[in-house]
Amino acid sequence: LVEFPRVAMCDFKIRQLSNVQSWTVQCVLPFNMFFESFFFILWFWYAFVAMVTCGSLILWLWRVFFPINKMLFIEKLLEINPDLRDKEMTKEKLRNKERFHKKKEFRRFVNEYLRQEGAFALRIVQRNSSDVYASDLTAKLWLRFINNFNDK
């Protein structure tokens, strides 16, 4: 780390009765001691923020680029929705204890209907609002998929 100078040589001129004298003296710089400690703390803060940011980037890349994470996330959002629990299609799956992602219909919903950007958008909605809101949105998309696009 760089140290701030605490002492410097100061040049100044003193005028006495038409006689100008040049002086070079040693000056103490008290604010530099404060600045040194402030920037020392600031450097560690930036290092901490950089590490947290790198960790967050790695976590998001893992979430986005591995398909099983996308499937499990959408499955969790559909399973926690109380409206879907009452529908016949979900009752049957829960009764048989089958997981959504093992069904061809669910895989088609995630991979062809939502795709990568839809799952990413739902994850952003969930992170910035709540699981309940994201679950409701996912359930509406699921029902729309079942009613309109599943037969094709």
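For clarity, every value in this text was computed on a predicted model and none was experimentally measured.

Undergrad: Describe in detail the overall build of the protein, supporting the description with residues and values.
TA: Tallying secondary structure elements over the protein gives six helices and two strands in all. Each helix and strand of the protein, placed in order from N terminus to C terminus, yields the pattern β-β-α-α-α-α-α-α. The buried share of the protein, taken over its 152 residues, is 24%. Here the contacts in the protein between residues at least 6 apart in sequence split such that 63% fall between residues at least 24 apart. Summing over all exposed atoms, the protein offers an accessible surface of approximately 11,400 Å²; the carbon and sulfur share of this is 63%.

Undergrad: Residue-level account of the packing of helix α1 (residues 30-65) against helix α5 (residues 104-128), with values.
TA: At a closest axis distance of 10 Å, the pairing of α1 and α5 adopts a crossing angle of 135°. The orientation of α1 relative to α5 falls into the category oblique. Of the residues in α5, those touching α1 at Trp60, Arg63, Val64 and Phe65 are Gln116, Phe120, Arg123, Ile124 and Arg127. Here the contact of α1 with α5 is built from residues that sort into five nonpolar, one polar and three charged.

Undergrad: Go over the side chain of arginine 63 with me, naming the residues and quoting the values.
TA: Secondary-structure assignment places arginine 63 in helix α1. Buried charged residue arginine 63 carries no salt bridge. Nearest counter-charge: aspartate 131, at 10 Å. Residues within four places of arginine 63 in sequence aside, it is in contact with Asn69, Arg123 and Arg127.

Undergrad: Explain the UniProt feature "transmembrane region" (unreviewed entry) in the protein to me, using residue names and the numbers behind them.
TA: Per the UniProt entry, the sites bearing "transmembrane region" (unreviewed entry) are residues 38-62 in this numbering. The distance from the first to the last C-alpha atom of residues 38-62 is 36 Å, and the span holds 100% helix and 0% strand.

Undergrad: Quick rundown of the confidence of the model for the protein? Include the residues and the values.
TA: Counting all residues, the mean pLDDT for the protein is 83, and 85% of those residues have values of 70 or more. Mean pLDDT values over the elements of the protein span from 51, in helix α4 (residues 88-95), up to 91, in α1.

Undergrad: Go over the nonpolar core with me, naming the residues and quoting the values.
TA: Among the nonpolar cores identified, the biggest contains 17 residues, and Ile74, Leu78, Phe106, Phe109, Val110 and Trp142 are the most heavily contacted of them. Elements that contribute at least two residues to this core include exactly α2 (67-79), α5 and α6 (131-149).

Undergrad: Just give me the short version of the pattern of salt bridges, but keep the residues and values in it.
TA: This structure, assessed with the given rule, holds three salt bridges. Across the pair arginine 6 and glutamate 36 runs a salt bridge, and its minimum N-O distance is 3.1 Å. Residue arginine 6 is found in the segment before β1 (7-16), and its partner glutamate 36 is found in helix α1; the two are separated by 30 residues along the sequence. A salt bridge links glutamate 112 to arginine 108, with the nearest nitrogen and oxygen atoms 3.2 Å apart. In this pair, glutamate 112 and arginine 108 are both assigned in helix α5, four residues apart and thus about one turn of the helix distant. Residue classification places glutamate 112 among the exposed residues on the basis of a relative accessible area of 53%.

Undergrad: Describe in detail unusual backbone geometry, supporting the description with residues and values.
TA: At arginine 115, a residue that is not glycine, the phi angle is positive and equals roughly 60°. Of note, arginine 115 is situated in helix α5.

Undergrad: Could you give an account of the pairing of β1, with specific residues and numbers?
TA: Pairing of β1 with strand β2 (residues 19-28) involves 10 bridges; the strand directions are antiparallel. Within the sheet, the bridge partner assigned to lysine 13 lies in β2 and is serine 22. Where β1 hands over to β2, the hairpin turn is made up of two residues, of which leucine 17 adopts a positive phi near 50°.

What counts and what doesn't
- Residues numbered from 1 in each chain as written.
- Predicted model: local features only at pLDDT ≥ 70, side-chain atom pairs only at ≥ 80, totals over all residues.
- Heavy atoms only, no water.
- Helix = DSSP H or I, 4+ residues; strand = E, 2+ residues; numbered from the N terminus.
- Buried < 20%, exposed > 50% of the residue type's maximum accessible area, 1.4 Å probe, protein only.
- Contact = heavy atoms within 4.5 Å.
- Areas by Shrake-Rupley, 256 points an atom, 1.4 Å probe, with all protein chains shown as cover.
- Axes fitted to C-alpha atoms, helices over the stretch in contact; angles between N-to-C directions.
- Parallel < 35°, antiparallel > 145°, perpendicular 65-115°, else oblique.
- Nonpolar A, V, L, I, M, F, W, Y, C, P; charged D, E, K, R; others polar.
- Lys, Arg positive; Asp, Glu negative; His and termini not counted.
- Salt bridge = Lys/Arg side-chain N within 4 Å of Asp/Glu carboxyl O.
- UniProt positions renumbered as here; feature names shortened; annotations may be inferred.
- pLDDT = per-residue confidence, 0-100.
- Core = buried A, V, L, I, M, F, W, Y, C linked by side-chain atoms within 4.5 Å.
- Pairing = 2+ DSSP bridges.

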